[in-house]
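One letter stands for each residue in the lines below.
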Amino acid sequence: MAVARKRTLSGLEDVIDRKTKIIKDSGEKRHIAALILARGGSKGIPLKNIKVLAGVPLIGWVLRAAVDSKQFDSVWVSTDHDDIEKVAKAWGAQVHRRSPEVSKDSSSSHDTIQEFARLNPEVNVICHIQATSPCLHPFHLKEALELITNQGFTSVFAVARQHHFRWQEVKKGGSVATKPLNLDPSHRPRRQDWDGELCENGSFYIHTRATIEKGLQGGNWAYYEMLPEYSVDIDVDIDWPVAEQRVLRFGYFGLDKPEMVRLLLCNVSGCLTDGRVFISVSGEEMVSVNTRDTMGIRMLQREGVEVILISSGEDLLTKALADKLSQRTGCVVRQLGMDIQGEVKAMMDDRDLDWKEIAYMGNDAPDVDCLNLAGLSAVPRDAPVVAINAAKYSCHNVAGLGAVREFSEHILLLKKKAKAQMEQDRIHRNTF
């Protein structure tokens, strides 16, 4: 190994030299593909790859990072499952329908990658990204790929540094003993006196075609070191809540900065309410609104986010009901026609806002365009698939029972995260 890169809080430093010859890139244009393997038959967690983690299908986190890195000529998901295919396409990937021969429990990643390479001869470099690594960022991929494209390595893999003392189990007859693997027990080092060990974290493996044909991690290889906070791997259900908290703090949320959100547009029917309308004997219409949701709206308003409630199509509210909702929530209630996107754009123009400054909460097919365009968008858990695939966040809660509160908290969390990052950047700029 000639060069390894280490990610530190202050930036990128190169750890150089071990007298291995670096094969320089020929300069020819190479087709670099990202490939995520997502078989439908996960044993630990059924359909784990599209299970929602922090409002996003698990595979969506790595697809977002791959697409936004702008390093790949193509981004692929290899799967044998229709639902995974739908989610992959919704997040901007092409789909390789793997054959039954490489879709078995006994099939290895190498088998599937080799099949993909054989069927896509134009691809020169494959970056195999693990779907179970949701804290991957575009800069990780960019910097690791430079080891292939600029420094001539043929295989690069992600690692994290660990400071664990390891012991090996030794079985002799009926007794069980142990022996140290990486320490002298009589001279246990302090953490600060020990560099630790590099362990694969499973985030990604990058290989040239020639390396794949001979076997993975061959030829002239190097490692790319990631900080431990970005090293998340999900194998069993118990990992899920830990990963969710980690990704909310260290995950990649897209190119648009969430602190820019100035306006939330929220559907009344199917978001703020559960979609039901109660009609009295006298003909009065009533809806049920959860106090948790109205509190979420007020939380946003206190942080300077304007909230407008909207109804459209066949779900138009009576004027009396709209007035009551406006009074109860402190929001303007707008009745929209069939051209929802056009009317939303008009509201944006009145306020001199761009789509990246808009958060939109919808619940069905008429909302898809706005869900796709908005900087942040969400749907309740019980929304139809067409809306879920268009949204950037899928709530755990259903409509009328806390979904609006959940999305409000999500918006505020991202704003807080972005402000903290801006402050960290300011500190770094002023540090000499």
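Residues numbered from 1 in each chain as written. Predicted model: local features only at pLDDT ≥ 70, side-chain atom pairs only at ≥ 80, totals over all residues. Heavy atoms only, no water.

Once that is clear, we can look at the overall build of the protein. Tallying secondary structure elements over the protein gives 13 helices and 21 strands in all. Classification of the 432 residues of the protein by burial places 49% in the buried group. Long-range contacts, defined as pairs at least 24 residues apart, comprise 66% of the intrachain contacts of the protein with a sequence gap of at least 6. Carbon and sulfur atoms provide 51% of the accessible area of the protein, an area that totals close to 21,700 Å². (Helix = DSSP H or I, 4+ residues; strand = E, 2+ residues; numbered from the N terminus. Buried < 20%, exposed > 50% of the residue type's maximum accessible area, 1.4 Å probe, protein only. Contact = heavy atoms within 4.5 Å. Areas by Shrake-Rupley, 256 points an atom, 1.4 Å probe, with all protein chains shown as cover.)

The next point concerns helix 3 (residues 109-119). For helix 3, the full list of buried residues reads T112, I113, E115, F116 and A117. In the core, the buried residues of helix 3 are packed alongside strand 3 (32-37), strand 6 (74-79), strand 7 (94-97), strand 8 (125-129) and helix 5 (209-214).

Here the focus is the state of the cysteines. Enumeration over the complete set of coordinates arrives at zero disulfides. Just so you know, C395 is unpaired, no disulfide at all, and the nearest cysteine sulfur is the one on C271, 8.2 Å from it. On the basis of relative accessible area, C395 is assigned to the buried category, the value being 3%. (Disulfide = S-S within 2.5 Å.)

With that out of the way, let us pick up the pairing of strand 17 (residues 306-312). Regular strands place side chains that alternate from one sheet face to the opposite one. Of all seven residues in strand 17, six are buried, a share of seventy percent or more. Relative to strand 17, strand 14 (residues 263-267) runs parallel, the two sharing five bridges. Note that in strand 17 the partner of L263 across the bridge is E306. (Pairing = 2+ DSSP bridges.)

Moving on, we get to the nonpolar core. Residues I59, I129, F204 and F407 are the most contacted members of the largest nonpolar core, which totals 84 residues. When residues of this core are assigned to their parent elements, the largest contribution, seven residues, is made by helix 1 (residues 58-69). Setting aside its immediate chain neighbours within four residues, F204 contacts C127, H128, I129, L136, H140, L141, A144, V156, F157, A158, Y224 and M226. Counting 22 residues, the second largest nonpolar core, distinct from the first, contains I308, C370, A374 and A390. (Core = buried A, V, L, I, M, F, W, Y, C linked by side-chain atoms within 4.5 Å.)

Considering every residue of the protein, the mean pLDDT works out to 83; 87% of them sit at 70 or more. Under a pLDDT of 50 for its full length, residues 5-26 has, in the predicted model, 50 contacts with residues more than four places off or in other chains. Throughout residues 424-432 the model reports pLDDT below 50, and contacts reaching past four residues in sequence, or to other chains, amount to one contact. (pLDDT = per-residue confidence, 0-100.)

Locating T211 in the fold gives a position in helix 5. With relative accessibility at 6%, the residue T211 sits in the buried group. Sequence separation between T211 and W221 is ten residues; the distance between their C-alpha atoms is 9.9 Å. In this structure the side chain of T211 is engaged in a polar contact, spanning 3.2 Å, whose partner is the backbone oxygen of T154. (Polar contact = N/O pair within 3.5 Å; in protein donor to acceptor, adjacent residues only side chain to side chain.)

Turning our attention to the side chain of E225. With respect to the helices and strands, E225 occurs in strand 13 (residues 221-226). One polar contact links E225 to R161, side chain to side chain, over a distance of 3.0 Å.

On to unusual backbone geometry. One non-glycine residue with positive phi stands out, namely K70, at about 55°. Along the polypeptide, K70 turns up in the loop between helix 1 and strand 6. Owing to a relative accessible area of 64%, K70 belongs among the exposed residues under this scheme. We note that D352 has phi near 55°; this positive angle belongs to a residue other than glycine. Here D352 shows up in the loop between helix 10 (340-350) and strand 19 (358-361).

Glancing now at the packing of aromatic side chains. A full pass over the atoms with the stated rule returns seven aromatic pairs. Centre to centre, the rings of W76 and F116 are 5.3 Å apart; their planes meet at 70°, and the pair counts as edge-to-face. Of this pair, W76 sits in strand 6 while F116 sits in helix 3, and the two are 40 residues apart along the sequence. The same class applies to W76 and to F116, which are both buried. Seen in terms of ring centroids, F139 and Y230 are 6.0 Å apart; in terms of plane orientation they differ by 80°. Their pairing is edge-to-face. Within this pair, whereas F139 is found in helix 4 (residues 138-149), its partner Y230 is found in the loop between strand 13 and helix 6 (239-250), the two being separated by 91 residues in sequence. Taken together through their ring pairs, the aromatic side chains of F139, Y230 and F250 make up a single cluster. Directly above the aromatic system of W240 lies the positively charged group of K51, at a separation of 4.6 Å from the ring centroid. The aromatic ring of W61 is capped on one face by R64, whose charged end is 5.2 Å from the ring centroid. (Phe/Tyr/Trp six-rings, centres within 6.5 Å; stacked < 30°, edge-to-face > 60°. Lys NZ or Arg CZ within 6 Å of the ring centre and 35° of its normal.)

One open sheet accounts for six strands, arranged 18-17-14-19-20-21; its pairing is parallel. Looking at the sheet topology across the chains shown, the edges are occupied by strand 18 (332-336) and strand 21 (393-394). Where helix 10 meets the sheet, its contacts fall on strand 14, strand 17, strand 18 and strand 19, and the angle it forms with strand 18 comes to roughly 140°. (Axes fitted to C-alpha atoms, helices over the stretch in contact; angles between N-to-C directions.)

Turning next to helix 10. All buried positions along helix 10 are accounted for by I340, V344, M347 and M348. Summarising the axial view, the buried residues of helix 10 lie within an arc of 100°, below the 170-degree limit, and thus occupy one face. Structurally, helix 10 contributes buried residues whose contacts are with strand 14, strand 17, strand 18, strand 19 and helix 11 (368-373). The first or second residue beyond helix 10 is D352, which carries a positive phi of 55°. (Arc of directions from axis to C-beta.)

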